[in-house]
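# Overview (structure and organization)
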Amino acid sequence: MSIHTEDSYRHKGMRKQLVDLLRTKNISDESVLAAINEVPRHVFLDTSFEELAYQDIAFPIGSGQTISQPSTVAFQTQLLSVSKGLKVLEIGTGSGYQACVLAAMGAKVFTIERQRNLFFKTKEILELLPFHIKTFLGDGFEGLPTYAPFDRIIITAGAPEIPQKLLEQLKPGGVMVIPMDKNDEEQHQKMLRITKMTDSTIQQEEFGDFKFVPMLKEIGND
Ligand code: SAH
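Per chain, residue numbering runs from 1 following the sequence as it is written. Residues qualify for local features only when their pLDDT is at least 70, as the model is predicted, and side-chain atom pairs are given and counted only at 80 or more; totals for whole chains, interfaces and linings, by contrast, use all residues. For the side-chain quantities, the full set of heavy atoms in the structure was used; hydrogens and water were omitted.

### A word on the nonpolar core
If you look at the biggest cluster of nonpolar residues, it comprises 47 residues, and the most contacted ones within it are Ile36, Phe44, Tyr97, Cys100, Leu102 and Ile133. For this core, the elements supplying multiple residues, two or more each, are α1 (9-23), α2 (30-38), α3 (70-80), α4 (97-104), α5 (116-127) and β7 (170-181). The contact definition used throughout considers only heavy atoms, calling two residues in contact when any of these lie within 4.5 Å. Excluding anything up to four places from it in sequence, Ile133 contacts Ala99, Cys100, Ala103, Val109, Thr111 and Leu126. Nine residue types can take part in a nonpolar core, namely buried Ala, Val, Leu, Ile, Met, Phe, Trp, Tyr and Cys, and a core is a set of them joined through side-chain atoms within 4.5 Å. Here's how the labels work: a residue is buried when its accessible area is under 20% of the maximum for its type, exposed when over 50%, partly exposed in between, all with a 1.4 Å probe on protein chains only. The numbering of helices and of strands both runs from the N terminus, where a helix is a DSSP run of H or I of at least 4 residues and a strand a run of E of at least 2.

### Details of the site of the ligand
For this description, a residue counts as near a given molecule or strand if any of its non-hydrogen atoms is within 4 Å of it. Taken together, 27 residues sit near the ligand, with Glu90, Ser95, Glu113, Gly140 and Leu216 positioned nearest. Each polar contact in these results corresponds to two N or O atoms within 3.5 Å; when the atoms are within protein, one needs to be able to donate a hydrogen and the other to accept it, and residues that are neighboring in sequence are counted only if both atoms are side-chain atoms. At 3.1 Å, a side-chain N or O of Thr156 approaches a nitrogen atom of the ligand. In the environment of the ligand, a nitrogen atom lies 2.6 Å from a nitrogen or oxygen atom belonging to the backbone of Leu216. Here the Shrake-Rupley method, with its probe set to 1.4 Å, supplies the accessible areas, and only the displayed protein chains count as covering residues. In isolation the ligand has 580 Å² of accessible area, and contact with the protein removes 99% of it. Cavities and pockets were defined on a 1 Å grid built from protein atoms only: a cavity is a group of points that admits a 1.4 Å probe but offers it no way out, a pocket is an open group of points flanked by protein on both sides within 12 Å along at least five of seven lines, and a lining residue is one with an atom within 4 Å of any such point. Pocket or cavity membership: a molecule qualifies when more than half of its atoms sit within 2 Å of the grid points of that site. Comparing atom positions with the cavity grids shows the ligand to sit within the largest pocket. Contributions of two or more residues to the shell around the ligand are made by β2 (66-67), β3 (87-91), α4 and β4 (108-113). Here the shell around the ligand is built from residues that sort into 11 nonpolar, 12 polar and 4 charged. We call Asp, Glu, Lys and Arg charged. Ala, Val, Leu, Ile, Met, Phe, Trp, Tyr, Cys and Pro are nonpolar, and the rest, Gly among them, are polar.

### Brief notes about the layout of surface pockets
Grid points are joined across faces, edges and corners, and a volume is the space filled by probe spheres set on the points. In this structure, the largest pocket encloses a volume near 500 Å³. Forming the boundary of the largest pocket are 34 residues, of which Gln65, Thr66, Thr156, Ala157 and Val213 lie nearest the centre. Considering only residue class, the lining of the largest pocket consists of 14 nonpolar, 15 polar and 5 charged.

### Details of the environment of Gly138
Turning to its location among the elements, Gly138 is positioned in the loop between β5 (134-137) and β6 (150-155). When the C-alpha atoms of Gly138 and Ile91 are compared, they prove to be 9.5 Å apart, with 47 residues separating the residues in sequence. The contact partners of Gly138, leaving out residues within four places of it in the chain, are Ile112, Glu113, Arg114 and Ile219.

### Here's the deal with the environment of Phe49
Inspection of the secondary structure assignment puts Phe49 in the loop between α2 and β1 (59-60). Of the residues examined, Phe49 reaches a relative accessible area of 34% and is grouped as partly exposed. Sequence spacing of Phe49 and Phe59 is 10 residues, and the spatial spacing of their C-alpha atoms is 9.3 Å.

Take a look at the structure:
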């Protein structure tokens, strides 16, 4: 893969059009739209797919994984309600795009990837960009106890359950956004927003169906 970080007027123009498209898809949080407008998504894809970088589609990024569709990234980010200075844990670094969107909003981003090859490839790309993201090779089910608690936790793979350890690493008053397996034939997930109340009880809201790659246990090369 050849990485190119050049961000031309043409790229910026395509990004602006993507932002306009997202407005028509119920993304209204201006801070989310500003972040999408800022992060050069084409840098996360191979040069030959540049034209597709600003269309609202998911895309293979190697190692059998995908960069999420921009409208899904925007939707999850909007649900997470991020503001400057919040500590955010992402499970499923993948391409690194979602992590950069969070960082562009001023969040302190910690992100975990379990797929070894992808982890190293993405780390290389992230080092070329002006976002300070802390990357970890590990199993997202375990979270990052050393850095806990977090204000926000975002899971970007289809989860079989709400990982208990992640709930424990969420601050009271914190929010977790998680696509949870519906166990239907098409292997869809329902998007959940979990709020940990100040008395540590849990409030759960549902936001429609999505399709993510599965959240798998343990570090691997598969
Ligand atoms: N947020 C990514 C999209 C991720 S696709 C982006 O912006 O591009 C989901 C990612 O989750 C994949 O890279 C997959 O390898 C990773 N993943 C799956 N199970 C995981 C786990 N238990 N811990 C950490 N990462 C995991």
